[in-house]
Structures are given as structure tokens and as C-alpha cells.
Amino acid sequence: MSVATIIDGKAVAARVRGEVAAGVSALVAETGAPPGLATVLVGEDPASAIYIANKQKASAEVGIEGRDHRLAADVSQDEVAELLGSLNEDPAVSGILLQLPVPAHLDGDALTALIDPGKDVDGLTPLSAGALAQGRPGLRPCTPSGVIELLDAYDVSLEGAEAVVVGRSLLVGRPLVFLLLERNATVTVCHSRTRELPAVCARADVLVAAVGSPRLLGADAVRPGAAVIDVGINRLEDGLVGDVDFEAASQRAGLITPVPGGVGPMTIACLLRNTLQAARAAHAAARVPGIGS
Ligand code: NDP
């Protein structure tokens, strides 16, 4: 039985980060100003604090100027909204990231919606989501973009391919559906009410799992030779595992991502790329009379 090629997400992410670093240097040479990424963290959730620290560190490494805003856990909705408003107005800020989830007394969706779509480097505002759904230009969500980048890096043809996405969240599954459609894949979306999940998955040339259920998908969900992308991150006593049973699935797949080291590194790389894209667009708009400031 064949054993799958393991997709090296760290290597692909390093290549993307290198491209962003080169793009940042070129932009600085042209404009004199680096892109700026403002992160907003409300409260002291340790996992969120680690995510923010990683994003700030990765930004600094490619020459993006970081602004690390920390707000107390009991901050009001209005105070967060005020900060987001001032970041929207600040020309030194190219991208704004509100780390989710926010504490329960705040409305994370309403706060996210306040972010200027031109600075929405997470691609999660309703305007960015609408632009993606309608096939119009805009900033795309980072994790789904990372999935597409991995497939491209390994020359997986999406044109006409059967793609099955398990999970329909606003963060991952749903935007990924539109990115795959944009590439002319034939897309099936599965979720918690899907019947015969393994049989539906086994139709896929490209199978993406974004569920949050450890080793949900086994060998019977994998078509021989398929490309399997595992977005899931599940913490078990013996470490991190994905939504795919890696040992079993890698005996049938043609390509497969490990967890960790697959999709995870791509998310931050795509965030950096989005920040550069936002900075370039802001600079271009500022040069056209009547557009931007
Ligand atoms: P959500 O909980 O928001 O969504 C999970 C989706 O999975 C839902 O659509 C749900 O269906 C579906 N689902 C749940 N149980 C089943 C089941 N038994 N069979 C089929 N579908 C099911 O999760 P996210 O999309 O935010 O995240 C998914 C996973 O990806 C998590 O493990 C998360 O940690 C990871 N993640 C990894 C990232 C990375 O950088 N690698 C970034 C973001 C997320 P329904 O809609 O019917 O409830």
C-alpha cells in the first residue's frame, strides 16, 4: 500500500514569509514607511496571548511594525469600539487583528464588523466575507488561504477536482468553499448533520477537515491518492492531533498534512501577506487623487 507524501507546511510558510519580507523591503524603499499590524487582545486568556505573541514576533521578522494593544478583561464594548475606530483612522496601521474569542460580555462579531475592510487582515468582517462570496477582490481569511497555498505548493490541480470540506465555520470551512469554487473545484460541504460522512469524504480528490474532533476521519474517509489537508488542532494528553487519523489516512492518501507542522504555520504566513497587501493597497489609494487620504 502506498504511503503518502507528507506536506511540509513549515517550509511552504517559510517561503511565503521570505516573499513577504522582500515585498516589505520594496515597499519601504518606495514609501519610506513599513506596513503596520495592530493586534488587539482583550483579557488574559493564555492561549490567545501566545497566538498574539507569535503573530507579533513573525511580523517583526519580516519588517512589519507591530502594535500590541492589550485591554483589561472587563473593558466595555464601547471602549474596544473606540480603539478599533482610532486604528481605522491611523495611517501607520495597515492591518488590524482583533483576537477572538473576546470575553463573553463583549460581542465579538459586532466588534469585528467595525474594522475597516481595507485593514481587515483576518478577512472576517461581513464586507470581506461578502466580497469573497461574490468573487470580488478583498482580503481573504488566513487559514483557508493557507490551505490553498499548500495545495498550490504541491501542484494539486483544483480545476474540476472533487473537493470535500468538512466544517462550515465562518473562520475556516465557509470561506474555503468559496476559495475552492474560485479555483473551479466541485465542492461538497459537510457538517455535523451530514449523513454517511466517510462515504462522502471518500469521493474527494481533495479532502479538507476543519472540525475540531480528534481523528474523526479514518482510512475509510480517504480516497486512494487523495490530497488530505487537516486543519484541526486538538489537544490530547499525548500531544496535538488533527481531525484526521494520520497513521491510517497516510496509508491511502497521496499527500497529507501533519499536525502540527501542516496548516498551522500557514495561517500566520498568510496574515503577514495580507498585511503587506493591505499596506500596498492603502499606498496605491493614497496616490490616486480623491481616493484615500
Ligand atoms: P468550529 O467549531 O467553528 O466549526 C466546526 C465545524 O465542524 C462546524 O461546521 C460543525 O458542524 C462541524 N462538525 C462538528 N462535528 C462534526 C462531525 N462529527 N462531523 C462533521 N462535521 C462536524 O471550528 P473552526 O472551524 O473554528 O475550527 C476547526 C478546527 O480547526 C479546530 O480544531 C481549530 O482548532 C482548528 N483551527 C486551526 C487553525 C490553524 O491555524 N491550523 C486555525 C483555525 C482553526 P455544524 O456547523 O453543523 O455545527
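Look a little higher up for the structure.
All values reported here derive from a predicted model rather than from experimental measurement.

(A) Summary view of the pattern of salt bridges. Across all of its chains, the model carries eleven salt bridges by this definition. Between Glu182 and Arg140 there is a salt bridge, and its shortest N-O distance comes to 3.5 Å. Of this pair, Glu182 sits in helix α7 (residues 173–182) while Arg140 is found in the loop between α5 (126–133) and α6 (142–153), placing the two residues 42 residues apart along the sequence. Look at Arg140 and you get buried, because its relative accessible area is 13%.

(B) Broad picture of the packing of α6 against α7. Axis separation between α6 and α7 bottoms out at 8 Å; the angle between their running directions is 40°. With respect to their mutual orientation, α6 and α7 come out oblique. Relative to α7, the crossing made by α6 is right-handed. Residues Pro144, Ser145, Val147 and Ile148 of α6 form the contact with α7, whose participating residues are Pro175, Leu176, Leu179 and Leu180. A breakdown of the residues in the contact of α6 with α7 according to their chemical character gives seven nonpolar, one polar and no charged.

(C) Fine view of α7. For α7, every residue scored as buried is listed here: Gly173, Pro175, Leu176, Val177, Leu179 and Leu180. The secondary structure elements touched by the buried residues of α7 are α5, α6, β5 (162–166), β6 (186–190) and β7 (206–209). At the exit of α7 stands Asn184, carrying a positive phi of roughly 65°.

(D) Local environment of the packing of helix α1 (residues 9–31) against α6. Look at α1 against α6: their axes get within 10 Å of each other, and the N-to-C directions meet at 100°. As far as their axial angle goes, α6 and α1 are roughly perpendicular. Here α1 contributes Gly9, Val12, Arg15 and Val16 to the contact with α6, which in turn contributes Glu149, Leu150 and Ala153.

(E) Region of interest: the side chain of Thr112. With respect to the helices, strands and loops of the structure, Thr112 is situated in helix α4 (residues 108–113). Beyond its immediate chain neighbours, meaning those up to four positions away, Thr112 contacts Leu98, Leu100, Leu124 and Thr125.

(F) Highlighting the pairing of strand β3 (residues 65–71). Here strand β2 (residues 36–42) pairs with β3 via seven bridges, running parallel. Paired with Ala38 across the two strands is Arg67, which belongs to β3. Tracing the backbone out of β2, into helix α2 (residues 46–61) and back to the parallel element β3 gives a crossover that is right-handed.

The rules we used
Residues numbered from 1 in each chain as written. Predicted model: local features only at pLDDT ≥ 70, side-chain atom pairs only at ≥ 80, totals over all residues. Heavy atoms only, no water. Salt bridge = Lys/Arg side-chain N within 4 Å of Asp/Glu carboxyl O. Helix = DSSP H or I, 4+ residues; strand = E, 2+ residues; numbered from the N terminus. Buried < 20%, exposed > 50% of the residue type's maximum accessible area, 1.4 Å probe, protein only. Axes fitted to C-alpha atoms, helices over the stretch in contact; angles between N-to-C directions. Parallel < 35°, antiparallel > 145°, perpendicular 65-115°, else oblique. Left-handed = near helix turned anticlockwise from the far one by under 90°. Contact = heavy atoms within 4.5 Å. Nonpolar A, V, L, I, M, F, W, Y, C, P; charged D, E, K, R; others polar. Pairing = 2+ DSSP bridges. Right-handed = clockwise from strand over helix to strand, strands pointing away.

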